[in-house]
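Structure at a glance
Here's the letter readout for the chains.
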Amino acid sequence: MALLPRSPAEFGSARYWERFFRQRGNRPFEWYGTFPELCPVLHKYVRPRDKVLVVGCGNSELSEQMYDTGVCEDIVNIDVSAAAIRQMSERSGSRRPKMSYLLMDMLHMDFPEDHFQVVLDKGTLDALLTDEEEATLAKVDRMFAEISRVLQVGGRYLCVSLAQAHVVKKAVEYFSQEGWVVRVHQVAGSEDKQQFVLPIFVYVMTKFRKIPGSAQQILEICPEEQDKPMRVESAEQLVAAVKDRQHYALLCSQLSKSPCGEQVSLDLCDKESGRPRYTLHVVDSPSVKASRDNHFAIFIIPQGRETEWLFGTEEGRRQLASSAGFGRLVTVALHREQHYEGMAGIQAELSGKVMELAPPNLPARQQVPFLSVGGDIGVRTVRHRAASALSGELLVEDVKGDGSCYFRRLIFLCNRNVVQSEARLLPATALPGQKKRRKDKKKPSLAEPPAAVDKSYLCCQHHKAMVAGLCLLGGPDPLPGTPLAVLVVGLGGGSLPLFIHDYFWPAHVDVVEIDPSVLEVATRWFGFCQGERLRVHVCDGLDHVAKLAAEGTIPLAQYDAIMFDVDSKDLTVGMSCPPSAFVEKPFLQKVKTILKPEGVFILNLVCRDAQLKEAVLATLREVFPLLYTRHIEGEVNEILFCQPSHEGQREPAELGARAQALEGALRQPGRPWDSSYVLADMLQAIKIL
């Protein structure tokens, strides 16, 4: 291994390269970047009549192949190694009369200014820029200055590189500051991934006259799968884009050699907008016995169902992969506001990319199946989009669930993978006495009034648990007909307060919602409407509770039940519901003040930080002596039922009996009831903390 340098710095030494080529002999040395790989880029930027300078040519065959295939013939090759120049001159001889080899240092070239249309560098910059020491950077500056001097305006400097971060940064910053257009191409790799894992890049720097006082930079990147360049705003963004592609190549290499212990996630972005188009999760199932036909499969998650437990959690995807019976399953989530041409279109778009994620030992020419639920990609229609000063961008979308059911969802785009509110839509049927629309009539547009919402159906499991918590209220039987006063903080789509209003007659429900845009969306798109027994206060829940607790003109302890279902906009905290201010002790004491002694305070807690969660529970215990909890299966949500004293404590058997009695009263003839909603089931898993 005497050909290897003792240190990276030797790559920049003329003595090292002279010894290298003497010992290597006449065998061509291609460090990286073969002619077939580079050919598409060379044809794009090198014209047959161009005068081309190759700096640091070594004994690579690249110049000979360019000459022999007609890319161009007027090529001057220079190198600091006399051995390499002698070998190459002898090898070409008289067969390539228009091509020459000169012993010359690229830092001190003898050519006149504006002499070449193209300067080509394959690995030379990488060899020189081995570190960021002052002496090394001075050499690189000299190299760039010489290239700039001998290149004509409009000429191109093509640099083939492995694109280490400090190399990309130096080249991009130097030439962009000189007013040149900088474009980075990723070169399509060879089939032999074992030989070289890292992708190869070509920096294309096009020389323009520098305009005094102009700070405009034109920086672009061309991924290997597309020809159209993508504009970036800064050198840092360009370096980051290159690094992303390097990480992806390393990931593919690792996945091709061994199973992945943990699930791997990555986004594939739209070529035009740069926005995520697909989210992929790679899931390996070691327990699946391998056969020829079950190595690898792709599962397309129907649109709108990516948040379901089976598709949206690690455990769910692990179960999906195991039940599908494949050693490696790649799940594919489709992003909203992207257009897809059905399953066949997705398969054509993804087939090449997903094969890069194939498992080791996949048989050659193996057909990889694309799977889905029911064989389709689902339906997602964006009905409404708005911008709120408090909640940011939000949208309302209709999605198709299992079977023929459709659901309407409210999404805050600041947390686009979380369904804020959901409601089931009633089937579109003609009203009594209304004629059916003729088939040739124009279909309704998206701007028409929304389909009717099924107000009897609670989509969210945590809402079902919160309603079941009303069984904890004092009194012999919590039956409808008993006047109830309920405060709900957090409106969302309005399904929770609407359900209580409709089924717990004659309950009076006060709702507090800080964002008027949410109230507008709930009213227009989710069938929410106010009345004598249902009022909305548009204000901060903290202020509203504090005001009620402080007012002396009305009797305190006025609510039978208080429910908090408030999301937090602070994504830096490990608690997404409620905001931390809602579970601080002074505020909870105010909540207790406006709650009846036999009442119940119900809190939807979503907290991934175990230490923070324990602190919240400890604070709740200080204020509310009796505390129950109900974990929602498959979700982070935990519903906490808090009561002011131990006097209201009930045993599970008693709670079950109360739940059955309440449900029997709620299931009145002629009133729709979701048969899957069993109050007693919701209280079975309740625990006293």
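Here, every reference points to the structure presented above.
The model shown is predicted, which means the values in this text are computed figures rather than measured ones.

1. A few points about the sheet that holds strand β8 (residues 219-222)
Sheet strands pair via backbone hydrogen bonds, and the direction of the pair is either parallel or antiparallel. Pairing in this open sheet of nine strands is mixed, and the strands run β3-β2-β1-β4-β5-β7-β6-β8-β9 from one edge to the other. Pairing within the sheet leaves two strands with one partner each, and these edge strands are β3 (99-103) and β9 (230-232). Ignoring strand direction, the axes of neighbouring strands in this sheet form an average angle of 20°. With four bridges joining them, strand β1 (residues 52-55) and strand β2 (residues 75-79) adopt parallel strand pairing.

2. A closer look at helix α12 (residues 461-468)
With seven of eight residues buried, α12 is to be regarded as a mostly interior element. By the burial criterion, the buried members of α12 are H462, H463, K464, A465, M466, V467 and A468.

3. A word on the side chain of R183
Of note, R183 is situated in strand β6 (residues 181-187). Of note is the side chain of R183, whose polar atom sits 2.9 Å from the side chain of Y45. Here E220 takes part through its side chain, which lies 2.7 Å from a polar atom of the side chain of R183.

4. A look at the pattern of salt bridges
Note on pairing: side chains with opposite charge can pair once their charged atoms come close. As enumerated under the stated definition, the model contains 33 salt bridges in all. Taking the shortest distance from any N to any O, the salt bridge between D141 and K170 comes out at 2.7 Å. With D141 in helix α6 (residues 134-150) and K170 in helix α7 (residues 165-177), this pair connects stretches of sequence that are 29 residues apart. Here R277 ties to E349 by a salt bridge, and the two come within 2.7 Å at their closest N and O atoms.

5. Focus on the packing of α12 against helix α13 (residues 495-503)
Running from N to C, α12 and α13 point in directions that differ by 35°, and their axes come no closer than 10 Å. Of the two elements, α12 crosses α13, and the hand of that crossing is right-handed. Two secondary-structure elements touch here, α12 through H463, M466 and V467 and α13 through S495, L496, F499 and I500. Considered class by class, the residues forming the contact of α12 with α13 number five nonpolar, two polar and no charged.

Scoring rules and cut-offs
- Residues numbered from 1 in each chain as written.
- Predicted model: local features only at pLDDT ≥ 70, side-chain atom pairs only at ≥ 80, totals over all residues.
- Heavy atoms only, no water.
- Pairing = 2+ DSSP bridges.
- Helix = DSSP H or I, 4+ residues; strand = E, 2+ residues; numbered from the N terminus.
- Axes fitted to C-alpha atoms, helices over the stretch in contact; angles between N-to-C directions.
- Buried < 20%, exposed > 50% of the residue type's maximum accessible area, 1.4 Å probe, protein only.
- Polar contact = N/O pair within 3.5 Å; in protein donor to acceptor, adjacent residues only side chain to side chain.
- Salt bridge = Lys/Arg side-chain N within 4 Å of Asp/Glu carboxyl O.
- Left-handed = near helix turned anticlockwise from the far one by under 90°.
- Contact = heavy atoms within 4.5 Å.
- Nonpolar A, V, L, I, M, F, W, Y, C, P; charged D, E, K, R; others polar.

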